[in-house]
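What follows is each chain in one-letter form.
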Amino acid sequence: QVQLVESGGGLVQAGGSLRLSCTASGSTLLHMGWYRQVPEKQRELVATISRTGSTNYADSVKGRFAISRDNGKNIVYLQMNSLKPEDTAVYYCKAYILATEFWGQGTQVTVSS
């Protein structure tokens, strides 16, 4: 089946930047996305991107985050700028085709004040 491998998480100061990467293997997929989750809260959408490059963002990250993909390498990125403490979460990569979903293991992003 599809396997997703994430990297790029870490600890940054407020106002700093990070870039997350997710490599997908095992299938050609139509869409990919990034989600995040904090303890005792549900996982929430951050951004999605289709294979043609159409993007969608959560209101909370518009203007600060950018999702992109390299179709040749089958990698999706999440560039995170102007990070805030409220962005602290475990970030998960998702690959999906209609109702079929595949998830990465998650990578921790911590933003200190």
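Predicted model, so just to flag it, every value in this text is computed and none were measured.

Rules and cut-offs
Residues numbered from 1 in each chain as written. Predicted model: local features only at pLDDT ≥ 70, side-chain atom pairs only at ≥ 80, totals over all residues. Heavy atoms only, no water. Helix = DSSP H or I, 4+ residues; strand = E, 2+ residues; numbered from the N terminus. Contact = heavy atoms within 4.5 Å. Polar contact = N/O pair within 3.5 Å; in protein donor to acceptor, adjacent residues only side chain to side chain. Core = buried A, V, L, I, M, F, W, Y, C linked by side-chain atoms within 4.5 Å. Buried < 20%, exposed > 50% of the residue type's maximum accessible area, 1.4 Å probe, protein only. Pairing = 2+ DSSP bridges. Axes fitted to C-alpha atoms, helices over the stretch in contact; angles between N-to-C directions. Disulfide = S-S within 2.5 Å.

Another aspect to go through is the environment of Ser17. Looking at the element boundaries, Ser17 is found in the loop between strand E2 (10-13) and strand E3 (18-25). Residues in contact with Ser17, not counting those within four places in the same chain, are Val12, Gln79, Met80, Asn81, Ser82 and Leu83. In this structure the side chain of Ser17 is engaged in a polar contact, spanning 2.9 Å, whose partner is the side chain of Asn81.

Membership of the largest hydrophobic core comes to 27 residues, with the highest contact counts inside it found for Leu4, Trp34, Leu78, Met80 and Tyr91. Setting aside anything within four residues of it in sequence, one finds Met80 in contact with Gly16, Ser17, Leu18, Leu20, Arg64, Phe65, Tyr91 and Val109.

Turning to the sheet that holds strand E7 (residues 65-70), a few remarks are in order. Here four strands make up an open sheet; going across it, the order is E1-E3-E8-E7 and the pairing antiparallel. Looking at which strands have only one partner, the edges of the open sheet turn out to be strand E1 (3-7) and E7. Taken over all neighbouring pairs, the strand axes of this sheet differ in orientation by 15° on average, direction set aside. Looking at chain direction, E1 and E3 are connected through five bridges and run antiparallel. Each residue of the ladder has a partner; that of Gln3, found in E3, is Ser25.

Quick look at the state of the cysteines now. In this structure the tally under the stated criterion is one disulfide. Residue Cys22 pairs covalently with Cys93 via a disulfide, S to S 2.1 Å. Here the disulfide of Cys22 and Cys93 is left-handed, its torsion about the S-S bond being about -80°. Taken as a pair, Cys22 in strand E3 and Cys93 in strand E9 (residues 89-97) lie far apart in primary sequence, 71 residues in all.

What follows deals with unusual backbone geometry. You will see that Asn74, though not glycine, has its phi angle at about 60°, which is positive. Mapped onto the elements, Asn74 comes out in the loop between E7 and strand E8 (75-80). Phi at Leu98 is positive, roughly 55°, even though this residue is not glycine. Tracing the backbone shows Leu98 in the loop between E9 and strand E10 (100-103).

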